[in-house]
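# Secondary and tertiary structure notes
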Amino acid sequence: MLHLDLKNQAAAGLFALLIVLTLVEMYFSYREDRKYYEKRDTWTNIYLTTLTFFINLIVKGTTFFMLNYFYQFRFFEIKNVFLYWFVLVATQDFLYWVLHYVGHYSRLFWAMHVTHHSSEHFNLTTGFRSTVFEPLYRVFFYLPLALMGFSAIDILYAYLLTQLYGNLVHTQANINFPKWYNFIFVTPAHHRIHHASNVPYLDKNMGMMFIIWDRMFGTFQEDLPEPIKYGLTTQPDDMGAVNIIFHEWKALIADVKKAPTFTDKVKYLVMPPGWSHDGSTQVAKVMQREYYAELEEVKS
């Protein structure tokens, strides 16, 4: 619907902006000793995004083919170019929210997504700490877009643009956005909460571009007085790149093996992280209920 050169210019412009802002953030972090960056952590982020880039290249043809195949069965088409791109970007962002929600509430998908949350630092390169295996299954969440009459190439561009926006909010810079912007769009303040390991912040603010999905479906969380602690509730002892990718797989396989029944084995795959057949560990929602119950006791 839009000329290819215009799409390329928009994507290149956002990518260039991301690189420039990353270098600026690095400069001020080191100059003012803010400790936003740590050398090994930054190189790990770069390594993981490079790995994801090559996996994306490998599966890109299959992704395009699947989207293009389902496009022939489209239910309708939007002729107005502005409405076309508005609906495409908004719907693609919502489907990403669904994908992201599944990544937090199914342990099988969490085993793949956990890589992105493993850093104890939060900066613009944290956005590069990619969910390495996501390109292998992401297309299945975006097939509805093809059925809605959006072409494969436009779906891929919409994803690229929202992904670049999502990278831009991985910063500790304090930016005073207007209230209307904070209500509609994801901001760095929203996304910092998403990367926190504090109990009240777990599984919150999962939007990529629009925060309205979280407001609508009960996963929105405002900033609390409690200081943010980045990373996982339990950090792996080995923070090497290979272990960062596979440590949750190892833990998941071990839990499945020890499960006493077939039903329990399946539940370890589909239930949220923290679920256990014997109640020895807890899911985030249970931990949050207990957290707020304790607060109420202290207040009373």
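For the structure given in this document, a descriptive report is provided here. Counting restarts for each chain: residues are numbered from 1 in the order of the written sequence. Local features in this predicted model are restricted to residues of pLDDT 70 or higher, and side-chain atom pairs are both shown and tallied only at a pLDDT of 80 or more, whereas totals for entire chains, interfaces and linings draw on every residue. The side-chain quantities take in all heavy atoms of the structure and omit both hydrogens and water.

## What about the pattern of salt bridges?
Put simply, a salt bridge is a Lys or Arg side-chain nitrogen that is within 4 Å of an Asp or Glu carboxyl oxygen. Summed over the entire model, instances satisfying the criterion amount to 10 salt bridges. Between R31 and E32 there is a salt bridge, with its nearest N and O atoms 3.3 Å apart. Only protein chains enter the area calculation, which uses a 1.4 Å probe; residues under 20% of their type maximum are buried, those over 50% are exposed, and those in between are partly exposed. We classify R31 as exposed; its relative accessible area is 52%. Between K79 and E77 there is a salt bridge, and its shortest N-O distance comes to 3.6 Å. For K79, a relative accessible area of 67% translates into the label exposed. Classification of E77 by relative accessible area gives partly exposed; the value is 39%. Linked through salt bridges whose partners overlap, the residues forming this network are R107, E248, D255 and K258.

## A word on the packing of helix α2 (residues 39–71) against helix α10 (residues 241–258)
Angles run from 0 to 180 degrees between N-to-C directions of axes, and those axes are lines fitted to C-alpha atoms, restricted for helices to the stretch in contact. Under the DSSP-based scheme used, a helix requires at least four consecutive residues in state H or I and a strand at least two consecutive residues in state E, with every element numbered from the N terminus. Their axes nearest at 9 Å, the elements α2 and α10 cross at an angle of 65°. Relative to α10, α2 is oriented roughly perpendicular. Across the interface between the two elements, T44, Y47, L48 and L51 from α2 touch A241, I244 and I245 from α10. What sets the label is the angle itself: under 35 degrees gives roughly parallel, over 145 gives roughly antiparallel, 65 to 115 gives roughly perpendicular, and the rest give oblique. Residues are treated as being in contact if the distance between any of their heavy atoms lies within 4.5 Å.

## Some words on the packing of aromatic side chains
Pairing of aromatic rings covers Phe, Tyr and Trp, the last counted by its six-membered ring, and requires centre-to-centre distances within 6.5 Å; plane angles under 30 degrees mean stacked, over 60 mean edge-to-face, and any other angle means tilted. According to the stated counting rule, one finds 26 aromatic pairs in the structure shown. Judged by centre distance (4.9 Å) and plane angle (65°), the rings of Y84 and F150 are edge-to-face. Taken as a pair, Y84 in helix α3 (residues 81–105) and F150 in the loop between α5 (138–147) and α6 (152–168) lie far apart in primary sequence, 66 residues in all. For Y84, a relative accessible area of 3% puts it in the buried group. Linked through ring pairs, F94, W97, Y101, Y105, F177, W180, Y181, F185, F210, W213 and F217 together constitute an aromatic cluster. Above the plane of the ring of Y71 lies R74, whose end atom (NZ or CZ) is 4.1 Å from the centre. A ring is considered to have a charge above it if a Lys NZ or an Arg CZ atom is located within 6 Å of its centre and within 35 degrees of its normal.

## Section: the packing of α3 against α5
One can describe the packing of α3 onto α5 by two numbers: an axis separation of 9 Å at closest approach and a directional angle of 145°. The chirality of how α3 crosses α5 is right-handed. Residues L88, T91, Q92, L95, Y96, V98, L99 and V102 of α3 form the contact with α5, whose participating residues are R138, F141, Y142, P144 and L145. Gly is put with the polar residues, along with every residue not named as nonpolar or charged; the nonpolar set is Ala, Val, Leu, Ile, Met, Phe, Trp, Tyr, Cys and Pro, and the charged set is Asp, Glu, Lys and Arg. Tallied by class, residues from the contact of α3 with α5 come to 10 nonpolar, two polar and one charged. Put simply, a crossing is left-handed when the front helix is turned counterclockwise from the back one by less than a right angle, and right-handed when it is turned clockwise.

## Remarks on the nonpolar core
In a soluble, globular protein the nonpolar side chains are often hidden away together inside. The nonpolar core is taken to be a set of buried Ala, Val, Leu, Ile, Met, Phe, Trp, Tyr and Cys residues, with the residues joined through side-chain atoms within 4.5 Å. Grouped together as the largest cluster of nonpolar side chains are 47 residues, with contacts concentrated most on L88, Y142, L145, F150 and I155. At the level of secondary structure, the elements contributing two or more residues to this core comprise α2, α3, α5, α6 and α10. At 11 residues, α3 tops the list of elements feeding residues into this core. L145 has contacts with L88, T91, Q92, L95, F150 and I155, leaving out every residue within four places of it along the chain. Core analysis: the second largest hydrophobic core is formed by seven residues, L18, Y37, F128 and L168 among them.

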